[in-house]
Amino acid sequence: MLRSHVHPTAVHERRETARTAAASGRADHDPAVRGDQLVQLLAPDGTRTPDPEYEPWVEDVDADRLVALYEDLVVVRRLDVEATALQRQGQLGLWPPLLGQEAAQVGSARVLRRDDFVFSSYRENAVAYCRGVDLTDMVKVWRGTANSGWDPFAVGMATPQIIIGAQTLHATGWAIGAVKDGTDAVAVAYFGDGATSQGDVNEAMVFSASFRAPVVFFCQNNQWAISEPVGLQAVRPLADRAPGFGIPSVRVDGNDVLAVMAVTRQALDRARRGEGPTFVEAVTYRMGPHTTSDDPTRYVDPADREVWAARDPLLRVERLLEREGLLDDQVTTAVKQAADSAARRMRAGCLGLTAPEPLSLFDHVYATPSSWLERQRSQYAAYLAMYEDGDGTAAQDGAR
Amino acid sequence: MTAPTTDRTAGPSAPSPTAGPTTLTLAGALNLGLRHSLEEDPAVVLMGEDIGTLGGVFRVTDGLQRDFGADRVMDTPLAEAGIVGVAVGLCYRGYRPVVEIQFDGFVYPAFDQLVTQVAKLRYRTQGRVSMPITVRIPYGGGIGAVEHHSESPEAYFTHTSGLRVVTCSHPQDAYTLLRQSIACDDPVIFLEPKRRYWTKAPVEASLDGAPPMEAAAVVVEGADVTLVAYGPLVATARDAAVAAADDGIAVEVIDLRSLSPMDLATVEASVRRTGRLVITHEAQQHGGLGAEIAASITERCFEHLEAPPVRVTGFDVPYPPAKLEEHFLPGLDRILDGVDRVLGRPHSLTGREG
Ligand SMILES: Cc1ncc(C[n+]2csc(CCOP(=O)(O)OP(=O)(O)O)c2C)c(N)n1
Ligand SMILES: [Mg+2]
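As the structure is a computational prediction, the values presented were derived from the model and not from experiment. (Residues numbered from 1 in each chain as written. Chains lettered and ligands numbered in written order. Predicted model: local features only at pLDDT ≥ 70, side-chain atom pairs only at ≥ 80, totals over all residues. Heavy atoms only, no water.)

Participant: Would you mind showing me how to read the overall build of chain A here?
Facilitator: Scanning chain A for helices and strands turns up 13 helices and seven strands. Within chain A, the proportion of its 400 residues that are buried is 56%. (Helix = DSSP H or I, 4+ residues; strand = E, 2+ residues; numbered from the N terminus. Buried < 20%, exposed > 50% of the residue type's maximum accessible area, 1.4 Å probe, protein only.)

Structure representation (structure tokens):
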């Protein structure tokens, strides 16, 4: 059910239960993740959860579509594991794993139109995959050969944002422009639970509400902002904040690909009909480290992780397919092949990425040449030439 | 002053301020400086993202929440403007906040609070309100990081009257300057050279006999060229002095330490002897510290200069991707090229116009 205002009693009850949950230290007592408080269409055991409001939004998901979604989930997990391995092998400088968040990303990205536009954070590599981002482009930034991977206009997805929350304002501006241009395309802002504390995100909600901008605020509440639990960012469910800005919100089981599709479609539909922004809180869990540099053993209770492992987004689709007799050898093999082949392409692409030419340092700073920079470029060229003329060693010692 | 006055004891592992030198990493020295500041002054509180349970992404605050409690070492919500703005309010109640900004590139959401509030409150209130805030920022490149994790934003802050800006280059100064910054009644932007966090050296955990926070230090003496550096490039400048010595050139290396205010007297005295000045920093050149030093020294002792001052700096481009950073950052050879240039020896621009 879309919330347009916060019911004080409900909130009060939730806080009470939250306190009990905190005292018991068990994540599954946490109302934040209990099925009855979230939109859910597919339970962790692979059974369908009836929901007359949201089921119609995924009525068209037939057997083929379900298998395709399953393939997406398997492929993006495989790519994520491959990228993590590439980092461990020294081929990438860093990687932010999305393990556990596959359904939230695939479910939302797969219902977008080509002309919609995504503004994401660094973690949305499954969204990028669904937008059709080339797998080599996906790793450029993490290998350190470029500051951006792909052409935003070619795939309808902006360069991922590292400055927490900044992209939500960009999505809002894009959406205001789309309305001016008379299209019904929608901007989707992806961000985390931690980002909701930033001024930018709150300002984006103010602007989008004032302008009735067609934005979907898609917040993946993966429970963590590096080491900080979501309870430090908000004492109430994140979705409760949006109604105060005049933005209806919904909490969805972020590990349920069907429910995520349903709520995102509803939000997109509102936006396309001129009804303005919607806030989606996809409740999920970051199963891996924040990035490959992080050591979550310092702050994660392994028991919580276990609870969430049982809610795995991929397993529940697998169980559903099994129940419906759709998971035969042919499907399993095809999906595995697709995943392995994607991983191979990503690896080969990654290994093929070499350091850019030194003087490219000076490219694209301004739209037109600047005499100041031209001078620096030519002086640095002379400097490099001095070494090449001499003993042939490159003069690359800056990081020493 | 309404801050608490009760005392807290430190964890058992911490070297005491009188125990003699201990070998520490630069990060470890910062940790010890924070610990001793927390022990000494109950008004000191720490705030930042991931500084409590995790101990900071560089572990600079490791163990401090455990030993001083979550009311003094606070994990904050993820909002830099919020952190610094809240620190302003704590100052109004007599606290002495030490805030951590996780990386250089993330200080900008707080820039408004720093420039419009923190820097100006003493002046605005004719001295009635002090802002004894220390803003710790890991800065600089050379660690192969992704965008926004390698910047050198010092000039934004040195351009802002009312802020002090200091930076350390070795573990002893990490300890000393941090404690002095925290004790200082002015706001201090405290820049930590992240690529030197793991540098080890003996640290005397005491402020007795320590040089004042504003003083530059001559770290290598030499009669031929003055080389001014600070933060991460002091180590590189020292290496350059060693390399130059092989060529019979005596380079005097000055570690600036305080970037605002700046100890120009020390630089000037050196230039009056050497007649030659090279300044190096990682930050972009345009409007940077190098420009300020070159102009000020030229004004003060023009007639002693044998050659125009030379700046060896990052180029005027946004910080590049990791695989290009070695070309952006001034290294040993580029510094030596600058030294050759002020000495009139053959260098990369020989035969070209300045
Ligand atoms: C302005 C800013 N401050 C701090 C950081 C450092 N940082 C990177 S990710 C992160 C946590 C983000 O948490 P959340 O928004 O929940 O997204 P998640 O990483 O969980 O996907 C922090 C603090 C940053 N990138 N930008
Ligand atoms: Mg998060």
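On we go.
Participant: Honestly, the site of ligand 1 in this entry has me stumped. Any pointers?
Facilitator: Inspection of the region around ligand 1 gives 20 residues, with Y122, R123, I162 and G194 of chain A together with E80 of chain B positioned closest. The local environment of ligand 1 is shared, drawing residues from chains A and B. Note that an oxygen atom of ligand 1 is positioned 2.7 Å from one of the side-chain N or O atoms of R123 of chain A. Between I162 of chain A and ligand 1, the recorded distance is 2.8 Å, taken from a backbone N or O atom to a nitrogen atom. For ligand 1, the protein covers 96% of the area, taking 580 Å² as the surface of the free molecule. Grouping the constituent residues of the shell around ligand 1 by class yields 10 nonpolar, six polar and four charged. (Near = heavy atom within 4 Å. Polar contact = N/O pair within 3.5 Å; in protein donor to acceptor, adjacent residues only side chain to side chain. Areas by Shrake-Rupley, 256 points an atom, 1.4 Å probe, with all protein chains shown as cover. Nonpolar A, V, L, I, M, F, W, Y, C, P; charged D, E, K, R; others polar.)

Participant: Is there a simple way to explain the interface of chain A and chain B in this structure?
Facilitator: Interface size, as often reported, equals the accessible area lost upon joining of the parts. Listed by partner, the interface residues are 51 residues for chain A and 55 residues for chain B. Carbon and sulfur atoms make up 59% of the area that chain A and chain B hide from each other, which totals about 4,400 Å². There are one salt bridge connecting chain A and chain B. A salt bridge links D62 of chain B to R298 of chain A; its shortest N-O distance comes to 3.0 Å. For the interface between chain A and chain B, the tally reads 14 residue pairs in polar contact (both at pLDDT 80 or more). Mapped onto the side of chain A that touches chain B, the elements with two or more residues apiece are α5 (135-143) and α13 (371-389) of chain A. Per-element tally for the side of chain A that touches chain B: the top contributor is α13 of chain A, with 12 residues. Residue composition of the side of chain A that touches chain B, by class: 27 nonpolar, 15 polar and nine charged. (Contact = heavy atoms within 4.5 Å. Buried area = accessible area lost by both parts, 1.4 Å probe. Salt bridge = Lys/Arg side-chain N within 4 Å of Asp/Glu carboxyl O.)

Participant: Is there a simple way to explain the domain arrangement of chain B in this structure?
Facilitator: All names here are of chain B. Under the domain assignment, chain B is made up of domain 1 (25-203) and domain 2 (217-343). For domain 1 versus domain 2, the distance between C-alpha centres works out to 26 Å. Residue-level contacts link 26 residues of domain 1 with 23 residues of domain 2. Around 1,900 Å² of area is buried between domain 1 and domain 2 when both sides are counted, 51% of it from carbon and sulfur atoms. On inspection of domain 1 and its partner domain 2, the count reaches two salt bridges. Across the contact surface, domain 1 and domain 2 share 12 residue pairs in polar contact (both at pLDDT 80 or more). Within the residue set of the side of domain 1 that touches domain 2, elements represented by two or more residues are α6 (154-158), β6 (164-167), α7 (171-183) and β7 (188-193). In terms of residues, the side of domain 1 that touches domain 2 owes the most to one element, β6, which gives four residues. For the side of domain 1 that touches domain 2, a count of residues per class yields 11 nonpolar, 10 polar and five charged. (Domains from an automatic or database assignment.)

Participant: So what exactly am I meant to see when it comes to the coordination of the magnesium ion (ligand 2) here?
Facilitator: Residues and elements named next belong to chain A. D193 (OD), N222 (OD1) and W224 (O) make up the full set of protein donors to the magnesium ion (ligand 2), lying at 2.1 Å. Each donor residue of the magnesium ion (ligand 2) belongs to the same chain, with the gaps between them written as D-x28-N-x1-W. The pair N222 / W224 is uniform in exposure class, with both members buried. (Donors = N, O, S within 2.8 Å, 3.2 Å for Na, K, Ca; no water.)

Participant: Please explain the pattern of salt bridges as it appears in this structure.
Facilitator: A side chain with one charge may pair with a side chain of the opposite charge, provided their charged atoms come close. Applying the stated criterion across every chain yields a total of 40 salt bridges over all chains. E102 of chain A is paired through a salt bridge with R77 of chain A; the nearest N and O atoms lie 2.8 Å apart. Residue E102 of chain A is found in helix α3 (residues 102-109), and its partner R77 of chain A is found in helix α2 (residues 63-88); the two are separated by 25 residues along the sequence. Per residue, the accessibility class of E102 of chain A equals that of R77 of chain A, and both read buried. E268 of chain B is paired through a salt bridge with R300 of chain B; the nearest N and O atoms lie 3.6 Å apart.

Participant: How should I be thinking about a nonpolar patch on the surface in this particular structure?
Facilitator: Side chains of V206, F207 and F211 of chain A sit close together on the surface and give an oily, nonpolar patch of about 290 Å² of accessible area. Summarising the element assignment, F211 of chain A is placed in the loop between α8 (199-210) and β3 (215-221). (Patch = residues over 30% accessible without salt bridge, like charges linked within 9 Å, V, L, I, M, F, W, Y side chains within 5 Å.)

Participant: Sorry, what's going on with the state of the cysteines here?
Facilitator: Defined simply, a disulfide is a covalent bond joining two cysteines at their sulfur atoms. Counting across every chain of the model gives zero disulfides over all chains. You can see C91 of chain B has no disulfide; the closest cysteine sulfur is in C184 of chain B, sitting 12 Å from it. (Disulfide = S-S within 2.5 Å.)

Participant: What should I look at first to understand the UniProt feature "domain: Transketolase-like pyrimidine-binding" (unreviewed entry) in chain B in this one?
Facilitator: When the UniProt feature table is mapped onto this chain, "domain: Transketolase-like pyrimidine-binding" (unreviewed entry) is found at residues 24-199 of chain B. In the segment residues 24-199 of chain B, helix accounts for 36% and strand for 18%; the C-alpha atoms at its two ends are 8 Å apart. (UniProt positions renumbered as here; feature names shortened; annotations may be inferred.)

Participant: It is not clear to me how the nonpolar core should be interpreted in this structure. Could you clarify?
Facilitator: Generally speaking, a soluble globular protein has its nonpolar side chains buried in company with each other. Membership of the largest hydrophobic core comes to 156 residues, with the highest contact counts inside it found for L258 of chain A together with L46, L114, I189, L256, V267 and I293 of chain B. For this core, the element with the highest residue contribution is α2 of chain A, accounting for 11 residues. Residues in contact with I293 of chain B, not counting those within four places in the same chain, are V228, L256, M262, L264, V267, L277 and I279 of chain B. (Core = buried A, V, L, I, M, F, W, Y, C linked by side-chain atoms within 4.5 Å.)

Participant: Honestly, the environment of P318 of chain B in this entry has me stumped. Any pointers?
Facilitator: Along the chain, the position of P318 of chain B falls in the loop between β14 (310-314) and α11 (325-328). Assessed through its relative accessible area of 53%, P318 of chain B is described here as exposed. When the C-alpha positions of P318 of chain B and E147 of chain B are compared, they lie 9.5 Å apart, and in sequence the two are 171 residues distant. Here P318 of chain B is in contact with V365 of chain A together with Q284 of chain B, once residues within four sequence places are set aside.

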